[in-house]
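Here are the chains, one letter per residue:
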Amino acid sequence: MNATHIEPATALAELKETKPDKVTLVVLSGDMDRVMAALIIATGAAAMGMQVTMFFTFWGLNAIRKENVSSSPKDWLRRAFGWLNKGGASRLPLSRFHFGGLGTTMMKKVMKDNRMPGIPELMETAKDLDVKMIACTTTLGLMGISKDTLIDGIDQLAGVSTYLNEARHGSVNLFI
Amino acid sequence: MQADVKLDTLGYFCPMPIILTSKKIKELVPGQVLEVISDDEGIKKDMPAWCETTGHAMVGMEEEGAADKKVYKAYVKKA
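Residues numbered from 1 in each chain as written. Chains lettered and ligands numbered in written order. Predicted model: local features only at pLDDT ≥ 70, side-chain atom pairs only at ≥ 80, totals over all residues. Heavy atoms only, no water.

(A) Spotlight on the nonpolar core. All names here are of chain A. Ranked by size, the top nonpolar core spans 53 residues in total, and within it M54, I64 and I119 carry the most contacts. For this core, the leading source of residues is helix α2 (residues 32–47), giving nine residues. Aside from chain neighbours lying at most four places away, what touches I64 is F56, M123, M133, A135, L150, I151 and I154. In terms of nonpolar packing, the next biggest core, distinct from the first, is built from seven residues, F55, I134, Y163 and A167 among them. (Core = buried A, V, L, I, M, F, W, Y, C linked by side-chain atoms within 4.5 Å. Buried < 20%, exposed > 50% of the residue type's maximum accessible area, 1.4 Å probe, protein only. Helix = DSSP H or I, 4+ residues; strand = E, 2+ residues; numbered from the N terminus. Contact = heavy atoms within 4.5 Å.)

Structure (structure tokens):
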């Protein structure tokens, strides 16, 4: 009988390769500062070799919506809601000191002057580092956002089970 | 300290130095040393933490310049 000899070191190395540390982030907020924190953690974790999943729901969906593209839900309530709730990575307001856009514009200027990446740049970096992005189907429906108005590169449209299935294996699970 | 490859991240804040490091390290062969130059004080703690997680070796950290304009040089040996 042929016994397969496995070198323990190699076997362990492969195990590490297939089961890396996992990070999951639920992004509920659509505030620029909060989404920025989420993306910094996501890109940082990915740079550390961790597997990262971001689950966007409710206002967080605004971060993964195309700019100046509107969905046209059939009912007038959701259509009106769509006029008020504009999406786009570069249009997210600050959670404080937004001041009708003035505060956020000033913050963006300070960030740019200091070579700090903004939300659009961080999103690009996240995709570049293979951060998995999931959009929540329930809130997409609730808010009348059609999937064709989401940015390219969204890996999945899914629900709570998908999130939990990922989070179950996560060593870091955050709700932002 | 002698390095094989240098990476200038001056002017960049967290998480960019770490992200740029993780990209740059891929260009090295195991055993080579990467020198990461940064003016973000956070690198002093972040680079050892990044090394601990990724398995690369932190082989040195140097500080240069006056107190308000410090430049940090982190040396990472590719595993």
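From this point, things continue past the structure.
(B) Representation of the side chain of S29 of chain A. Residues and elements named next belong to chain A. Secondary-structure assignment places S29 in the loop between β1 (22–27) and α2. Residue S29 is classed as buried on the basis of its relative accessible area, which comes to 8%. Of note is the side chain of S29, whose polar atom sits 3.0 Å from the backbone nitrogen of D31. Residue contacts for S29: discarding those within four places in its chain leaves R34, V35, W59, G60 and I176. (Polar contact = N/O pair within 3.5 Å; in protein donor to acceptor, adjacent residues only side chain to side chain.)

(C) Seen up close, the environment of K70 of chain B. All names here are of chain B. Structurally, K70 is set in the loop between β3 (57–64) and β4 (71–77). Residue class for K70 comes out partly exposed when judged on its relative accessible area of 28%. K70 sits 14 residues away from H56 along the chain, and the two C-alpha atoms are 25 Å apart. At 3.0 Å, the side chain of K70 forms a polar contact with the side chain of E63.

(D) Seen up close, the interface of chain A and chain B. Counting residues at the interface gives 13 residues for chain A and 15 residues for chain B. Across the interface of chain A and chain B, roughly 1200 Å² is buried in total on both sides, 67% from carbon and sulfur atoms. Considering only the side of chain A, the residues that lose the most area to chain B are A47, M48 and R115 of chain A, jointly responsible for 45% of the buried surface there. Viewed at the interface, chain B and chain A are joined by one salt bridge. One salt bridge connects D128 of chain A with K23 of chain B, and the closest N-O pair in it is separated by 2.7 Å. (Buried area = accessible area lost by both parts, 1.4 Å probe. Salt bridge = Lys/Arg side-chain N within 4 Å of Asp/Glu carboxyl O.)

(E) How the structure looks around the pattern of salt bridges. Counted by the stated rule, this structure contains 11 salt bridges over all chains. Where K44 of chain B meets E63 of chain B, a salt bridge forms, and the shortest distance between an N and an O atom there is 3.3 Å. Separated by 19 residues along the polypeptide, K44 of chain B in helix α2 (residues 43–54) and E63 of chain B in strand β3 bring together distant segments of the chain. Its relative accessible area of 38% is what places E63 of chain B among the partly exposed residues. E63 of chain B is the partner of K70 of chain B in a salt bridge, and the nearest nitrogen-oxygen pair spans 3.0 Å. Three or more residues are tied together by salt bridges with common partners; here these are K22, K132 and E166 of chain A.

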